[in-house]
Amino acid sequence: MYEASLINGTCFTCKPDTSILDSANASGITLQHSCKTGQCGVCASKVLDGNTKILKAEIALSSEQIINGWILTCCREAISDVALDTEDLPDLSELVVKTWPARIDSIEHLTKSILRVILRTPPSNSLHFLAGQYVSVIGPNGLRRSYSIANAPRNDGKIELHIKRVAGGAFSEYWFEQANANDLLRFEGPLGTFFVRKPLPRKLLLLATGTGLAPIKAILENIASLPGNEQPEIELYWGSRHAEDVYLDPSLIMCSSLKVHLLLSQPAEAWAGRKGYVQNAVLEDHSNFDDCAVYACGSIKMIESAKAALIQSGLPSNKFHSDAFVSSN
Ligand code: FES
């Protein structure tokens, strides 16, 4: 067995044939991650010293990153002691991740193709999570799908999901055609490392496409609960294809300083608002990223493009956090 050390001094044992991410987890240490399948790039870290061996394809790494010594910790095991240019996330160490029973509390059509589903856990069994995290819902026939929790933790323990219809999707078919209030489901959670890091920066830029708004809404609700003088300046860029995809009004979340930019990429002629893609809009509006952090959730294309462009424009790479829509284990 080998030892991995992180730049903040945390160390853990790496087991053979086990990803560095899973070895950390087995030691009660959480490293930044999302999909665990090599697709999202959230777990990327530079190796400062030591050797690793590939366990599964590192789809999210560019050839330039590979040449420069980057790895995906969900895809590689250590084959010597290793030093990694990353930190762990102690904020998550208190949270209990397990499978919870839950009933559907309500189902509401927000648009023809987007549902708001509220789940409730038994009163004695309430889920503790950080705003921005997701759960893996286990439905009929053991089907699993990951959904971000769209609310900040609330006193009644209920969680809100935003569910988009996927043509031909088996779970989608369940939500849109069969699900009823009081149906019993299970979910695993809380999962993921998409939450706002402390201390809060002076400015937060939040980027979302489609139902990627869900964890961003949770983050906004969480910040809205802070005293006004502790809230950062916030700008939200939310992109959809068409006007009918705009399924709620984020400006109703009462943060003291929230500016919402709504963008449509394929608007009808009558659309008088902003057109285009969120990553382009952020760069049109901002050139100074001092004391700023970016949180992005939605399509992998938006996230890859936003990350590359923002880092090139001066945002430090450790100030870009994302949760991409990819399949998860
Ligand atoms: S690529 Fe490792 S968590 Fe997504």
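What counts and what doesn't
Residues numbered from 1 in each chain as written. Predicted model: local features only at pLDDT ≥ 70, side-chain atom pairs only at ≥ 80, totals over all residues. Domains from an automatic or database assignment. Contact = placed C-beta atoms within 7 Å. Nonpolar A, V, L, I, M, F, W, Y, C, P; charged D, E, K, R; others polar. Pairing = 2+ DSSP bridges. Helix = DSSP H or I, 4+ residues; strand = E, 2+ residues; numbered from the N terminus. Axes fitted to C-alpha atoms, helices over the stretch in contact; angles between N-to-C directions. Buried ≥ 20, exposed ≤ 12 C-beta atoms within 10 Å, placed from the backbone. Right-handed = clockwise from strand over helix to strand, strands pointing away. Expected span 1.5 Å × (residues − 1). Arc of directions from axis to C-beta.

The domain architecture assigned to the protein consists of domain 1 (2-91), domain 2 (95-191) and domain 3 (203-324). Each partner contributes to the interface: domain 2 provides 13 residues, whereas domain 3 provides 16 residues. A breakdown of the residues in the side of domain 2 that touches domain 3 according to their chemical character gives seven nonpolar, five polar and one charged.

Turning our attention to the sheet that holds strand 3 (residues 44-49). The five strands lie next to each other as 2-1-7-3-5, forming an open sheet whose pairing is mixed. Among the strands making up the open sheet, the edge pair consists of strand 2 (11-14) and strand 5 (70-72). Averaged over all neighbouring strand pairs, the angle between strand axes comes to 40°, with direction disregarded. Pairing of strand 1 (residues 2-6) with strand 2 involves four bridges; the strand directions are antiparallel. Among the inter-strand pairings, Glu3 is bridged to a residue of strand 2, identified as Thr13.

A sheet is described by the order of its strands in space; here six strands give the open sequence 11-10-13-8-9-12, paired in antiparallel fashion. One side of each edge strand has no neighbouring strand; the edge strands of this open sheet are strand 11 (144-148) and strand 12 (159-164). Looking at each pair of strands side by side, their axes are set apart by 40° on average, direction ignored. Relative to strand 13 (residues 184-191), strand 8 (residues 98-111) is paired through six bridges, and the arrangement is antiparallel. The residue of strand 13 that forms the bridge with Ala102 is Leu185.

Let us look at the pairing of strand 19 (residues 320-324). Within strand 19, five of the five residues are buried, leaving the element largely enclosed by the surrounding structure. The side-chain alternation of strand 19 yields two buried faces, one formed by Phe320, Ser322 and Ala324 and the other by His321 and Asp323. Pairing between strand 18 (residues 292-298) and strand 19: five bridges, direction parallel. Bridging across to strand 19, Cys297 finds its partner in Asp323. Crossover connection from strand 18 via helix 6 (residues 300-312) to parallel strand 19: handedness right-handed.

Between its first and last C-alpha atoms helix 6 spans 18 Å; for 13 residues at 1.5 Å apiece the expected length is 18 Å, and the two agree. Of all the residues in helix 6, the buried ones are Met302, Ile303, Ala306, Lys307 and Leu310. Buried residues in helix 6, looked at end-on, bunch into an arc of 120°, giving them a common side. Tucked inside the fold, the buried residues of helix 6 contact strand 14 (203-209), helix 5 (278-285), strand 18 and strand 19. At the C-terminal side of helix 6, Gly314 shows a positive phi close to 115°.

Quick look at the environment of Gln279 now. Looking at where Gln279 falls in the secondary structure, it is placed in helix 5. Residues Gln279 and Pro227, 52 residues apart in the sequence, show an inter-C-alpha distance of 30 Å. Setting aside chain neighbours within four positions, we find Gln279 in contact with Met302, Ser305, Ala306 and Ala309.

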